[in-house]
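Survey of secondary and tertiary structure
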There are 2 protein chains.
Amino acid sequence: MAKNYIYMFDKGRADMRELLGGKGANLAEMTRIGLPVPYGFTITTEACNQYYSEGETLPKGLDEQLEVAIKKLEKKSGKKFGDAKNPLLISVRSGARASMPGMMDTILNLGINDQVASTLAKLTGNEKFAYDSYRRFIQMYSDVVCGVDSKLFENALSRAKQKAKVDKDIELSAKDLKELVATFKEIYKKNMGVNFPTDAKVQLIEAIKAVFRSWNNERAKVYRRMNDIPSDWGTAVNVQMMVFGNMGETSGTGVAFTRNPATGEKALYGEYLMNAQGEDVVAGIRTPSPISHLREQNEKLYAQFVSICNKLENHYKDMQDMEFTIENGKLYMLQTRNGKRTAKAALRIAIDLVNEGLLTKKEALLKIEPKSLDSLLHPTFSEKALKQAKAVAKGLPASPGAACGKVVFDYAGAKALVDKGEKVVLVRNETSPEDILGMKISQGILTARGGMTSHAAVVARGMGACCVAGCNELVVDEEKGVAKLAGNTLKAGTVISFDGNTGNIYLGEIPTEEAKITGDFATIMSWAKEYTVLGVKANADTPQDAKRAVELGAEGIGLCRTEHMFFGEDRIQTMRQFILATTLSEREKALNKLRTMQESDFYNMLKKLEGLPFTVRYLDPPLHEFLPKEDKDINELAKLTGKKVSEIREVIASLKEFNPMMGYRGCRLAIVMPELARMQTRALIDAGCKAISRGIKCDIHIMVPLVGDVKELKFVKDIITSTADEIIAKAKVDLKYEVGTMIEIPRACMLADEIAKVADFYSFGTNDLTQMTYGFSRDDIGKFLPAYYEHGILEVDPFVRVDANGVGKLIKHTIDLTNAVKKNFSYGVCGEQGGDPKSVEFFCEAGLTYVSCSPYRVPIAILAAAQASINLGKV
Amino acid sequence: MAKNYIYMFDKGRADMRELLGGKGANLAEMTRIGLPVPYGFTITTEACNQYYSEGETLPKGLDEQLEVAIKKLEKKSGKKFGDAKNPLLISVRSGARASMPGMMDTILNLGINDQVASTLAKLTGNEKFAYDSYRRFIQMYSDVVCGVDSKLFENALSRAKQKAKVDKDIELSAKDLKELVATFKEIYKKNMGVNFPTDAKVQLIEAIKAVFRSWNNERAKVYRRMNDIPSDWGTAVNVQMMVFGNMGETSGTGVAFTRNPATGEKALYGEYLMNAQGEDVVAGIRTPSPISHLREQNEKLYAQFVSICNKLENHYKDMQDMEFTIENGKLYMLQTRNGKRTAKAALRIAIDLVNEGLLTKKEALLKIEPKSLDSLLHPTFSEKALKQAKAVAKGLPASPGAACGKVVFDYAGAKALVDKGEKVVLVRNETSPEDILGMKISQGILTARGGMTSHAAVVARGMGACCVAGCNELVVDEEKGVAKLAGNTLKAGTVISFDGNTGNIYLGEIPTEEAKITGDFATIMSWAKEYTVLGVKANADTPQDAKRAVELGAEGIGLCRTEHMFFGEDRIQTMRQFILATTLSEREKALNKLRTMQESDFYNMLKKLEGLPFTVRYLDPPLHEFLPKEDKDINELAKLTGKKVSEIREVIASLKEFNPMMGYRGCRLAIVMPELARMQTRALIDAGCKAISRGIKCDIHIMVPLVGDVKELKFVKDIITSTADEIIAKAKVDLKYEVGTMIEIPRACMLADEIAKVADFYSFGTNDLTQMTYGFSRDDIGKFLPAYYEHGILEVDPFVRVDANGVGKLIKHTIDLTNAVKKNFSYGVCGEQGGDPKSVEFFCEAGLTYVSCSPYRVPIAILAAAQASINLGKV
């Protein structure tokens, strides 16, 4: 017997979103709790996956199940699908497990044809409505199912309006619309070579297939990659009886949030349009009315809506984003979901919901997307500069942040400048799903049209990107690539600034300043630290970074890359002298200089840390990275060192490697040149002794990189301890230090129990470990990564998110082996994955002690760590 | 209580060699079975290891134990150690677990000083003997214990002989020797700043320490590395009552083998010198007499010796290499061990011992060193060429083989030429342990002095290197770097040839021909195949290689690197056209040409294999390896393809990678360019169909390289099966094929159970797996490998021998995971480790199905596989 691929709305529940998709599960849930939802059913995500695994054909048995389901709709409505006398029209909408707004496809008014349209006109006495619905259906079906360019229909619509001498679509008469339907059918026939399908059943089957196909369209793939949605989730399809917002002036459609998605303020927030259907509200073509106007128009209906909003928010315990339609004065709910919101709003809402008694702190922490905090850490406009600046125009503050950059009008323009390292802002009349790539690489988005819930606003908030929408003083000529902003001409390349918190738009650049953790943000951070078992440290190489890391909540430094101290203009030359040294005295002279510099850096960092852990990794990169490449620099170095250019070139050549990532680097440097480890130890321990003697607490952890065998670590550790212990004994201070190692070589993972006998702690170097485990050179994967994404072999860059299935197994193996020989051992991880929430979850599950990431990702990691601790039942 | 570090000879046994070293264990065993062995004791290898772990100081308790042991020697001998009236002299010799001839140190006549010498002269009535022993002791002690250059003493000895107007050492009178002793003591004092030590106890303690130190001298380290002896084994020290071969004409010393170590012939074989001590026989300074002369000199003693030889051979069931001393007509045994022998002799002896009923076939197989077979696979001089050539001189055929190359006189000279890719032969008056590096890189060794058991002969046989020793017509002036050979002048760079089987020496080059497996070699190979559970295949890329592989006993091809087919002069240009193609038609044209070439190669290989397994790896290396580097070649390619030089340079630049080993290669190529896999499949399956249709059996295994995820394999396998199945269906032939993968990425090891669901077989690519597991780029380790050896972090190149502890764990993990999901799965290994006996043992233990190595290592692998199977109890 075939699998059950269809669930009627009264058979589903909110917790079935894996099977029914988010939209389907919530339609069922709303049905279950008695809200007015047009009846319908959901075709499962399993059907979608089956569709793909069977080479893009609908699964067996679905056809029969569809007939049964349609019968049930017919019974409920008393109408018949495809019937000329009493026709049932339906909508077909995609609905994946995770919300992917605008990414996939919707078809409304399905089941219509010439006869049905004419019947509909008679039955409703509203010919205009009937043909408006018909023309809409032809356009959606042609676009979604057959890929006929929507512009052809838009242009025909414009010509029809010109001919009728009207401005708006709704001003077209029934006759105009009837003619338009005929034109639309001609466009279809011209493009497809056949007549527009009249059989409702055919329309339905093709629409379902089109929704399944839309799961793999380009923009859906990009969106999934950006939002970490696996491609094997698939989408569900929701089939629902139509209710019509385009039946005239007592009908309408709208969207609303139970709270303000930009600020989090507790107030109903939304927009609606009367005599409209589907995307009319969010497409930004007509400017909708704020939801509060509804109260004036229809107080009873407004009260009903408010009551539904409250019911939904209490039911879901979260801010809701809803779609509704009013058909002849009757309210229908078409969708509800947890609303996307800015980070600022997310913090506010989470705290409010706790204060309102709706959520516990733990539950509230889970409501905030850690990645979204990133937007709060972006620089904001300096208040001082803002006071002096004068806004030339104002739009809607659709998504907060401070954007400043060169104007671009499309993705190509944006990419060209971004590739050169420039910052850009995308300026459009309105955005459409095709703009998503351009939005992604821009500092902010500015649109002339559309409200707070327009495509631009919704997507920008999702991305944490700054957006000012619906600026009436902006007119963009996208063809010509020029815009007018309150009388000023903006060309591609003109620098402007705008403020997503106020909607103000400025010409030129406004200086920015660093974000601070205060208010709601600070509250949530303190809650997160309360509920986590996984610590968060920062990667910091300078006293400045160390200061910032502590300000942002890091509980110490998990990785100080000492080589970064050698890259400064004054230092690199000394490092080069060391590398070029041919006599002991030359070498020692250079080492002494380096030591003095490092000691002062270390001391200043210890001062900023005030006793927090300071984990110092010894020199790691291949030496050739320090040597000059350009002739000019080589000549300069020759002058400085008194060496011949040819000598320098020889050293450069001798350090050249085939695969430097796997070459002469890491602890291998200290094994060949023990004086390096001795110098670094002296610098660090001298700094520590000095700090202690001045009353500054120290917690020093020395980390040996790239160890693959216990003998390597033992050799280097012996150098470190003999050097350090002598200095400490001489200084007569009570300075403790630990010597541990990076775990970044697969061999070290397999021998972790042996290495643990010599190591005081471990820190996983996930960059190198991923490189070696996959055999992927991080710098070279660009050549095949696109093909890997294309064929679904990879869905996410394993350097960005820990590969739990492969690298993760090695990490767990390491911990298992080590736990068997040492108790209370500390396991860290350093590298950018430490700031990736999904990776943090894995690290928490694997039993790590802390993650370390760049200072700006610390707050994200702290929240992610709390969420992981809560989700895994560890707190 | 301190550990027991000392075993008297009557407390040990042959099977205690780990603790007592080979020499000590065998001295004890000989004592136990009643042979005449001077009494003594062994200080254990544990004492040596303790010495090193305590920072080079003798372990606690050893001192007291030494006193007790010396007391026992005193009691047995009735003499007193260090006593002026009735002195006991002793020898102190190193003795590691494995024999390391000449690598470590020996001190004879210890306990002597002015008083003792004079007493000794009185007691024996032989003043000459007493001062000969004394001068020998001073020289040995100064050299071994204090590092005073032996040459200083040799020169003094020469001057003494000049002064006395005699030629030989033994012609010096007692007075001459007495004066020489005084001179020697002065040399000591001048170099050491103190008088020569007179206290016997001090002499003993210092000698023991010196032996321990000698374990880590440079030549011992090199020897260990060459012979795979772990540095943590340590050496034992044997302390024994002296017996004197230098007491006059009824005394002497000698060495002997129970069978001929060069040919295996069953005949007592050895040399001795009367009135001589220690190294005199093997040092090649005086030419010794063959052992058969002893029968004429002293028939009774000869008979006793022959009987001892027989007893030892029967006892140890192997050919023995013995040292003996005759003191005043009485025979003493000083050492026995399994004799080093040539591969030819090893085969002969193994077969003879089976025929004599002393060994079973299994036991006999264990007696042959697999690596030694290598020497039998070297080319031999073509018989035809030998007939036409005329030998200019003849030496002793000390180690078989055919050597041809440019004359060099030392290591430096050898290395300079070898680095340029030239072949060299080392020509010396006599070799010393310092020459070992030079011998290692030479085609053969030719010496003017020394017999069949001289240093040169013994070491050459151990290495499997060709050696002609003791050529009387050769005089080498090593200082000037010139030699005379039967009237001909040999300068550095002169090409000569010599034959280790006959001892003939030729001027110029003699052509060589490939070795064949016949006679004893063939017998042993057939026994080995009888007793193995591990198969042996070959890596072969051409029909010629395939033919040779089968001749050498391979049971198929385990790795055909298809890219090697593209490197030929005619083919590489087509490959380049493919890489440079910018249009589909260009690309297809090039692919078609490549396909035709590959199909013909594949067909010819299948023909040679006649149904044996043929494992084909698809294109693996980074594409840039195929592109030209030189301007000339780039210009030529431009002409050929009609592309601009700048275009070609752009492609070359675009394919440049930071870490190509981890870059765009392996299955990544086929995923980005599926047409490549399709082309290779068509070529292979077309060839297979053609072969089948002509009655040639085929067993095709397709191998996808560099897989790290099951999705990669699935993607490529889908391409392969869809292409292959279509061709097979069209051809209507019964062609089977399997699709498997290389396991060479650590991630694949961790996910082997997932990958096994798609793979038909696995083959471990140990080169890449070692690279990734260690994070060692094979091409770049030269920068730190010497330091790793120096500090004992590595003892063997992990690319040569499988790293059982690290990489090996991943291999076992792979097999465990896979066995859990698939039964009767085939696991191979390809790469040079497949021909390394110790690696083969590991692979056998790990449960692999077969190893695959280069054709010339196939016999070695077959024998190693049999030994492993026997040792592990698998047969």
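By convention here, each chain's residues receive numbers from 1 onward along its written sequence. The order in which chains are written sets their letters, starting at A; the order in which ligands are written sets their numbers, starting at 1. In keeping with the predicted nature of the model, local features appear solely for residues at pLDDT of at least 70, side-chain atom pairs appear and are counted solely at 80 or more, and the whole-chain, interface and lining totals rest on all residues. In computing side-chain values, all of the structure's heavy atoms are included and hydrogens and water are not.

Section: the pattern of salt bridges
The line we're drawing: Any carboxyl oxygen of Asp or Glu that lies within 4 Å of a side-chain nitrogen of Lys or Arg is treated as forming a salt bridge with it. Under the DSSP-based scheme used, a helix requires at least four consecutive residues in state H or I and a strand at least two consecutive residues in state E, with every element numbered from the N terminus. With a 1.4 Å probe rolled over the protein chains alone, any residue whose accessible area is under 20% of its type maximum counts as buried; one over 50% counts as exposed, and the rest are partly exposed.
This structure, assessed with the given rule, holds 106 salt bridges over all chains. Here B:D709 and B:R747 are joined by a salt bridge, their closest N and O atoms 2.9 Å apart. Of this pair, B:D709 sits in the loop between β29 (699-704) and α27 (710-731) while B:R747 sits in helix α28 (residues 746-750); the two residues are 38 residues apart in sequence, bridging distant segments of the chain. Under the relative-accessibility criterion, B:D709 is labelled buried at 12%. Salt bridges sharing common partners tie together A:E563, A:R617, A:D620, A:R665 and A:D768.

Quick word on the interface of chain A and chain B
The cut-off we apply is this: For this analysis, residues touch if any pair of their heavy atoms sits within 4.5 Å. Buried area, as used here, totals the accessible surface that two parts lose on assembly, with accessibility defined by a 1.4 Å probe and the loss added over both. The definition of a polar contact used here is a pair of N or O atoms within 3.5 Å, where within protein one atom must be able to donate a hydrogen and the other to accept one, and adjacent residues in sequence count solely through side-chain atom pairs.
Across the boundary between the two partners, chain A contributes 45 residues, which contact 45 residues of chain B. Among the residues of chain A in contact with chain B, A:M662, A:R747 and A:K783 are the three that bury the most area, contributing 16% of the side total. Summed over the shared surface of chain A and chain B, the number is 2 salt bridges. For A:R747, the salt bridge is made with B:D803, and the minimal N-O distance between the two is 2.6 Å. Here chain A and chain B share 26 residue pairs in polar contact (both at pLDDT 80 or more) between them.

Things to note about unusual backbone geometry
Backbone geometry at A:E56 places phi at a positive 60°, although glycine is not the residue there. Here A:E56 lies in the loop between α2 (45-53) and α3 (62-77). Classification of A:E56 as partly exposed rests on a relative accessible area of 43%. Look at B:N824: it is not a glycine, yet its phi comes out positive at around 55°. Among the structural elements, B:N824 can be located in the loop between α32 (807-819) and β32 (826-830). Taking the relative accessible area as the measure of exposure, B:N824 reaches 80% and is therefore exposed.

Re the confidence of the model for chain A
Note the cut-off: Confidence scores here are pLDDT values: one per residue, from the predictor, ranging 0 to 100.
Summary statistics for chain A give a mean pLDDT of 93 and a share of 99% for residues scoring 70 or more. Scoring of the predicted complex yields 0.83 for pTM and 0.82 for ipTM.

Looking at the relation of the copies chain A and chain B
Heads up, the condition is: The atoms used to superpose the copies are C-alpha atoms, taken from residues with pLDDT of at least 70 in both, and the fit is least squares.
The transform that puts chain A on chain B rotates by 179° and translates by 0.2 Å along the axis, for an RMSD of 0.2 Å. The operation mapping one copy onto its partner corresponds to a two-fold rotation axis. By residue overlap, the copies meet face to face through one surface: 100% of the interface positions of chain A are interface positions in chain B.

Some points on the environment of A:M703
All names here are of chain A. Topologically, M703 is positioned in strand β29 (residues 699-704). The class of M703 is buried, set by a relative accessible area of 0%. Sequence-wise, M703 and M742 are 39 residues apart; in three dimensions their C-alpha atoms are separated by 6.4 Å. Non-local contacts of M703, meaning those with residues more than four positions away in its chain, are made with G558, L559, T615, V616, R617, Y618, G740, T741, M742, F761, S763 and C830.

Quick word on the packing of aromatic side chains
Spelled out, the test is: For this analysis, a ring pair means two rings from Phe, Tyr or Trp (six-membered ring only for Trp) whose centres lie within 6.5 Å, classed as stacked if their planes differ by under 30 degrees, edge-to-face if by over 60, and tilted for the remaining angles. The criterion for a charge sitting over a ring is simple: Lys NZ or Arg CZ within 6 Å of the ring centre, and within 35 degrees of the ring normal.
A complete count under the given rule lists 45 aromatic pairs over all chains for this structure. Residues A:F257 and A:Y269 carry aromatic rings whose centres are separated by 6.4 Å and whose planes lie at 55° to one another, so their mutual orientation is tilted. Residue A:F257 is located in strand β8 (residues 252-257), and its partner A:Y269 is located in strand β9 (residues 269-274); the two are separated by 12 residues in the primary sequence. Neither residue differs from the other here; A:F257 and A:Y269 are each classed as buried. Residues A:F825 and A:Y827 carry aromatic rings whose centres are separated by 5.5 Å and whose planes lie at 65° to one another, so their mutual orientation is edge-to-face. By relative accessible area, which is 9% here, A:F825 ends up buried. Connected via pairs of aromatic rings, a cluster forms that spans A:Y774, A:F776, A:F784, A:Y788 and B:Y664. For the cation-ring pair, A:K537 lies above A:Y850, with the distance from its terminal atom to the ring centre recorded as 3.7 Å.

Overview of the sheet that holds strand β15 (residues 396-399) of chain B
Residue and element names in this part refer to chain B. Note the following rule: Two strands are said to pair when DSSP picks up at least two bridges between them. Interaxial angle, 0 to 180 degrees, is taken between N-to-C directions of lines fitted to C-alpha atoms, where a helix line uses only the stretch in contact.
Read from one edge of the open sheet, 8 strands run β14-β24-β23-β16-β17-β18-β19-β15, paired in mixed fashion. Every other strand in the sheet has two partners, leaving β14 (393-394) and β15 as the edge strands with one partner each. Pairing between strand β16 (residues 402-408) and strand β17 (residues 424-428): 3 bridges, direction parallel. Considered in β17, the bridge of K406 is made with V424. Across the face of the sheet, helix α16 (residues 411-419) comes into contact with β16 and β17 while running at roughly 110° to β16. In the packing of helix α18 (residues 455-463) onto the sheet, the strands contacted are β15, β18 (444-447) and β19 (466-469), and the crossing angle to β15 comes to about 45°.

Comments concerning the side chain of B:K537
All names here are of chain B. Test applied: Neither His nor the chain ends is counted toward charge; the positive residues are Lys and Arg and the negative residues Asp and Glu.
Structurally, the position occupied by K537 is in strand β26 (residues 535-539). As a buried residue without a salt bridge, K537 has its nearest oppositely charged side chain in E555, at a separation of 6.0 Å. If sequence neighbours within four positions are ignored, K537 has contacts with A554, E555, G556, I557, G558, P613, Y850, V851, S852, C853 and V858.

Some remarks on the sheet that holds strand β11 (residues 320-327) of chain B
Residues and elements named next belong to chain B. Ordered in space as β10-β9-β8-β11-β12, the 5 strands form an open sheet in which the pairing is antiparallel. One side of each edge strand has no neighbouring strand; the edge strands of this open sheet are β10 (289-290) and β12 (330-338). Judged from the 2 bridges that link them, strand β9 (residues 269-274) and β10 form a sheet pairing that is antiparallel. Within β10, the residue paired with E271 across the bridge is P290. Sitting on the sheet, helix α11 (residues 299-316) is in contact with β8 (252-257), β11 and β12, with an inclination near 25° to β12.

Focus on helix α34 (residues 858-871) of chain B
Residue pairs spaced three or four apart in an α-helix point in one direction, given the helix's 3.6 residues per turn. In plain terms, the rule: Working rule for helices: expected span equals 1.5 Å times residues minus one.
Taking 1.5 Å per residue, 14 residues should reach 20 Å; α34(B) reaches 20 Å between its end C-alpha atoms and fits that length. Counted residue by residue, α34(B) has 13 buried out of 14 residues, so it is predominantly covered.

Overview of the pairing of strand β30 (residues 737-743) of chain B
Residue and element names in this part refer to chain B. Note the cut-off: Handedness is read with the strands pointing away from the viewer; a crossover is right-handed when the path from the first strand over the helix to the second is clockwise.
Summarising burial for β30: 6 of the 7 residues are buried, a large majority. Across 5 bridges, β29 lies against β30 in parallel orientation. Residue pairing across strands places M703 opposite G740, the latter belonging to β30. Taking the sense of rotation as the criterion, the β-α-β connection linking β29, α27 and β30 turns out right-handed. Sheet topology note: the β30/strand β31 (residues 761-765) ladder contains 3 bridges and is parallel. Considered in β31, the bridge of T741 is made with Y762.

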